[in-house]
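Structural characterization, general
Each chain, letter by letter, is given below.
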Amino acid sequence: MLGRRIRRTLPPYVVWSLAYALLLQGFSVLGALKALLTAGASAQMYFIAVYLQLTLLTPLLYRLLKWRPLIAYAITPLSLAVYEALTVAGIALPILGRLFPMWLIFYVVGLDWERWRDRLHGKLGAVLIALGMCLAIQLACGFTWLRFGDYNMATTQLKLSSVATSLCVIAVIMLLPTSGKRRLSESFLADVGDASFGIYLCHMFVLVVVRKALAFFALPSVAGTALLWLVTLILSFAFCALVRKGAPRRVAELLGMS
């Protein structure tokens, strides 16, 4: 199974990284190879690299969850605490966001969800309260960072408060009644979910094109931004559907849209 995940993920990562680096960023061949190895070809490619790291570590993580679960759960909070402390001290290490420790807790919760499901059963109300509290703390932290002039830290997911909020959102969704999940699975969102990997890979190319097209229209900033992302999502989804239906299977696999 791990081999299949890597085969489905690594080739599209390589193809799209080189495409972004050479065609969108205008890097040299050497620069494109560096971007490929450091997950720096495009803003979203870092998470594919993180996912590959986590995939390779999956057997070890299962053993760690069995024998030392506290260690598995402590890695991300400790990493984020160090990251935030270094940022406060004026030490910038953006490369850390491309490494698995910063995101590990989401993967660990997924691997360990059966245990969490039993513990959280019937506690949707408590989880919603926790979500509200975490969201309030996240907003307070974000505005604090913004007041000190650090927009990146104000908006990044790589904060303890942001991670806590995200985990609560995940728990709420997973605890929804079966009927609600069934309705979601039968809606158009299921099709978008099936195409999500391909959308994730190609949407930055589409975004550039849509942004240039919308530049011809005088749109209010909020409405313009909403329209930009909506059109980008629609066209990215359409591109994925076109590739899945019209391209040879091997090409679709290489593009991550099979």
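Thresholds, definitions, all that
- Every chain begins its residue count from 1, and numbering advances along the sequence as written.
- At least 70 in pLDDT is required for a residue's local features to be given in this predicted model, at least 80 for side-chain atom pairs to be given and counted, and no such filter applies to totals for whole chains, interfaces and linings, which use all residues.
- Only hydrogens and water are set aside; all other atoms, that is, all heavy atoms of the structure, feed into the side-chain values.
- Per the convention used, a helix needs a DSSP run of H or I reaching at least four residues, while a strand needs a run of E reaching at least two, with both numbered from the N terminus.
- Each radius of gyration reported is based on C-alpha atoms, and the globular scaling rule is 2.2 Å times the count of residues to the power 0.38.
- Note on exposure labels: buried denotes an accessible area under 20% of the residue type's maximum, exposed denotes more than 50%, and partly exposed covers the range between, all computed with a 1.4 Å probe on protein chains only.
- Here, residues are in contact when the closest pair of their heavy atoms is within 4.5 Å.
- All accessibility values rest on the Shrake-Rupley procedure with a 1.4 Å probe; residue burial counts only the protein chains present in the view.
- We count Lys and Arg on the positive side and Asp and Glu on the negative side, and we leave His and both chain ends out.
- By convention, charge coordinates are those of NZ in Lys, CZ in Arg, CG in Asp, or CD in Glu.
- The angle between two axes is taken between their N-to-C directions and runs from 0 to 180 degrees, where each axis is a line fitted to C-alpha atoms and a helix contributes only its stretch in contact.
- In this scheme, roughly parallel covers angles under 35 degrees and roughly antiparallel covers those over 145, while 65 to 115 is roughly perpendicular and the rest are oblique.
- Two helices crossing with the near one rotated counterclockwise from the far one by less than a right angle form a left-handed crossing, whereas a clockwise rotation gives a right-handed crossing.
- Side-chain classes follow a simple rule in which Ala, Val, Leu, Ile, Met, Phe, Trp, Tyr, Cys and Pro form the nonpolar group, Asp, Glu, Lys and Arg form the charged group, and the remainder, Gly included, forms the polar group.
- N or O atoms within 3.5 Å of each other form a polar contact, as long as, within protein, one can give a hydrogen and the other can take it, and as long as residues adjacent in sequence are counted only when both atoms are side-chain atoms.
- Take the buried residues of types Ala, Val, Leu, Ile, Met, Phe, Trp, Tyr and Cys, join any two whose side-chain atoms come within 4.5 Å, and each joined set is a nonpolar core.
- The working definition used for a salt bridge is a side-chain nitrogen of Lys or Arg within 4 Å of a carboxyl oxygen of Asp or Glu.

For the protein chain, the count of helices and strands is 14 helices and zero strands. Reading the helices (α) and strands (β) of the protein chain from amino to carboxyl end gives α-α-α-α-α-α-α-α-α-α-α-α-α-α. Its C-alpha radius of gyration of 20 Å places the protein chain within 12% of the 18 Å reference for a compact globule of 258 residues. Expressed as lengths along the three principal axes of its C-alpha atoms, the size of the protein chain is roughly 45 × 45 × 40 Å. Within the protein chain, buried positions represent 33% of all 258 residues. Contacts in the protein chain between residues at least 24 apart in sequence constitute 73% of all its contacts with a sequence separation of at least 6. Surface summary for the protein chain: the accessible area is close to 15,700 Å², and the carbon and sulfur share equals 71%. Of the side chains in the protein chain, 24 bear a positive and 9 a negative charge, and the two mean positions are spaced by 5 Å.

Phi at A39 takes a positive value of approximately 60°, unusual for a residue other than glycine. A39 sits in the buried class, given a relative accessible area of 5%.

Attention now moves to the packing of helix α4 (residues 69-88) against helix α5 (residues 104-111). Running from N to C, α4 and α5 cross one another at 155°; their axes reach a closest spacing of 8 Å. One finds that α4 runs roughly antiparallel with respect to α5. Note on packing geometry: the crossing formed by α4 with α5 is left-handed. Here α4 contributes A72, Y73, I75, T76 and P77 to the contact with α5, which in turn contributes L104, I105, V108 and V109. Of the residues contributing to the contact of α4 with α5, the split by class is eight nonpolar, one polar and no charged.

Now for the environment of I105. Along the chain, I105 falls in helix α5. Sequence separation between I105 and S258 is 153 residues; the distance between their C-alpha atoms is 28 Å. With residues up to four places along the chain from it excluded, the contact list for I105 reads Y73, T76, P77, V163 and L167.

All right, on to the side chain of T76 then. Tracing the sequence through the fold places T76 in helix α4. On the accessibility criterion, T76 (1% relative accessible area) is buried. Within the structure, T76 has its side chain in polar contact with the backbone nitrogen of I105 (distance 2.9 Å). Excluding residues that lie within four positions of it along the chain, T76 makes contacts with P101, M102, W103, L104 and I105.

Ranked by internal contacts, the top residues of the largest apolar core, which has 31 residues, are L65, Y73, M102, V108, L120, V127 and L158. Listing elements by their share of this core, those giving two or more residues are α3 (46-67), α4, α5, α6 (113-120), α7 (124-147), α8 (151-155) and α9 (160-174). Looking at which element gives the most residues to this core, the answer is α5, with six residues. Sequence-distant contacts of V108, defined by excluding residues within four places in its chain, comprise L65, A72 and Y73. By size, the runner-up hydrophobic cluster in this structure holds 28 residues, among which are Y20, L36, L52 and L207.

Here the focus is the pattern of salt bridges. Taken as a whole, this structure holds three salt bridges when the rule is applied. One salt bridge in this structure joins R115 and D112, with 2.8 Å as the shortest N-O distance. We classify R115 as partly exposed; its relative accessible area is 32%. Residue classification places D112 among the buried positions, given a relative accessible area of 10%. Among the charged side chains, a salt-bridge network with shared partners connects R249, R250 and E253.

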